[in-house]
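Remarks on the overall topology
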Amino acid sequence: MTLVWRERPARPGAVLLAMHGGEEHDERPPSWLNPPIQRLRPFERAVRRAPFGETIAVAEVRYRHRGWNGTRAEAAVDAERALELAVRDVGAATPVILLGHSMGGRAALRVGGHPSVAGIVALAPWCPHGEPVEQLADRRIVIIHSDVDRTTPPDESLDLARRARAAGASVARCVIPGSDHAMLRRANAWHRLTALTVGGLLGHWPLPDPVAKALARTGDDGEGLDLALPLWSPNPGSTR
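This text gives an overview of the structure that appears in the document. For every chain, the first residue of the written sequence is number 1, and numbering continues from 1 along that sequence. Since the coordinates come from a predicted model, pLDDT governs what is reported: local features require at least 70, and pairs of side-chain atoms require 80 or more to be given and counted, while whole-chain, interface and lining totals use all residues. With hydrogens and water excluded, all non-hydrogen atoms of the structure serve as input to the side-chain values.

**Things to note about the environment of His191**
Along the polypeptide, His191 turns up in helix 5 (residues 187–201). With 28 residues separating them in the primary sequence, His191 and Arg163 have C-alpha atoms 27 Å apart. Filtering out sequence-adjacent residues up to four positions away, His191 remains in contact with Pro42, Phe43 and Ala46. Under the scheme used here, helices are H or I runs from DSSP no shorter than 4 residues and strands are E runs no shorter than 2 residues, and both carry numbers assigned from the N terminus. Residues are treated as being in contact if the distance between any of their heavy atoms lies within 4.5 Å.

Next up, the structure:
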């Protein structure tokens, strides 16, 4: 089982497909109470509580193993399969937002070239140097990272953001100062910014102006890749 539906309206206007974190190497199967799975639940709830939330279906990727496991890239393989199943269930015309944390952020970026993907929100993503970006051309990506993350270095997500933009992606990178990899410090800011971003990517309200401007930049322009948190103090819905 690689896809689990958490919320599924009869006629969803969009799908939020959540991909949790994991380990670099670990062949054990994740448990149902695995902390990385639980870590994304507040984000799912924040999106569902937003003004458009009742129209969005929420699904989770369930990996076969806890680890990425080298060139096997098992989290990405499972994410791609889950995405295909979600599209089969709701139809190719229904837009999908990929929401991934840590290893799940890496998986979301790997499979983000799928034609049904309307946007990617990568939370503290694991972005090792040399991670491919060509598949992200013409995709809209918002990366959210703490500036003091000790697990997934923020300079690596900045490097990926620059390379993805040069490859033709629309990228904004938002910084939450002083937080942590588990997204527990300043948790409300993470949840609020994620819900605001998902709604904006789906067209329910305008994206914050600095994010919109960053997404509009192209090529080797590095502007807008260190956007600071205070720009997103409003609650979702107040930006309508």
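**What about the packing of aromatic side chains?**
The pairing test for Phe, Tyr and Trp rings, Trp by its six-membered ring, is centres within 6.5 Å, and the orientation test on the planes gives stacked under 30 degrees, edge-to-face over 60, and tilted for anything in between. Tallied over the full model, the rule gives 2 aromatic pairs. Ring geometry for Phe52 and Trp205: centres 5.5 Å apart, planes at 70 degrees, overall edge-to-face. Placement of Phe52 in the loop between helix 1 (35–49) and strand 3 (56–61) and of Trp205 in the loop between helix 5 and helix 6 (209–216) is noted, with a sequence separation of 153 residues between them. Directly above the aromatic system of Trp68 lies the positively charged group of Arg106, at a separation of 4.1 Å from the ring centroid. Its end group placed over the ring of Trp126, Arg106 keeps NZ or CZ at 4.3 Å from the ring centre. For a Lys NZ or an Arg CZ to count as sitting over a ring, it must be within 6 Å of the ring centre and within 35 degrees of the ring normal.

**Considerations on the pattern of salt bridges**
Between side chains of opposite charge, pairing is possible as soon as their charged atoms come close. Each salt bridge in this description consists of a side-chain nitrogen of Lys or Arg and a carboxyl oxygen of Asp or Glu lying within 4 Å of one another. Counted under the stated rule, the structure contains 17 salt bridges. Taking the shortest distance from any N to any O, the salt bridge between Arg48 and Glu7 comes out at 3.4 Å. Of this pair, Arg48 sits in helix 1 while Glu7 sits in strand 1 (residues 3–7), and the two are 41 residues apart along the sequence. Only protein chains enter the calculation, and the probe is 1.4 Å; a residue is then buried if its accessible area is under 20% of its type maximum, exposed if over 50%, and partly exposed in between. A residue is classified by how much of its surface remains accessible, and Arg48, at 27% relative accessible area, is partly exposed. In this structure Glu7 comes out as partly exposed when scored by relative accessible area, which is 35%. When the shortest N-O distance is used, the salt bridge between Arg110 and Glu131 registers 2.6 Å. Residue Arg110 is found in helix 3 (residues 103–111), and its partner Glu131 is found in the loop between strand 5 (117–123) and strand 6 (140–146); the two are separated by 21 residues along the sequence. Connected through salt bridges with shared partners, the residues Arg6, Arg41, Glu44, Glu60 and Arg62 form a single ionic network.

**A word on the side chain of Glu74**
Following the sequence through the fold, Glu74 ends up in helix 2 (residues 74–90). Judged by its relative accessible area of 8%, Glu74 is buried. In contact with Glu74, not counting residues within four places along its chain, are Arg64, His65, Gly67, Trp68 and Asn69.

**Examining the packing of helix 1 against helix 5**
Note on geometry: axes are C-alpha line fits, over the in-contact stretch for helices, and angles between N-to-C directions span 0 to 180 degrees. Running from amino to carboxyl end, helix 1 crosses helix 5 at an angle of 50 degrees, the nearest separation of the two axes being 9 Å. It follows from the interaxial angle that helix 1 and helix 5 lie oblique. Like other packed secondary-structure pairs, helix 1 and helix 5 cross with a definite hand, here right-handed. For the pair formed by helix 1 and helix 5, the contact residues are Pro42, Phe43, Ala46 and Val47 on the first element and Trp190, His191, Thr194, Ala195 and Val198 on the second. Considering only residue class, the contact of helix 1 with helix 5 consists of 7 nonpolar, 2 polar and no charged. When an angle is under 35 degrees it counts as roughly parallel; over 145 it counts as roughly antiparallel; between 65 and 115 it counts as roughly perpendicular; any other value is oblique. The crossing is said to be left-handed when, going from far helix to near helix, the turn is anticlockwise and less than a right angle, and right-handed when the turn is clockwise. Each residue gets one label: Ala, Val, Leu, Ile, Met, Phe, Trp, Tyr, Cys and Pro are nonpolar, Asp, Glu, Lys and Arg are charged, and the others, such as Gly, are polar.

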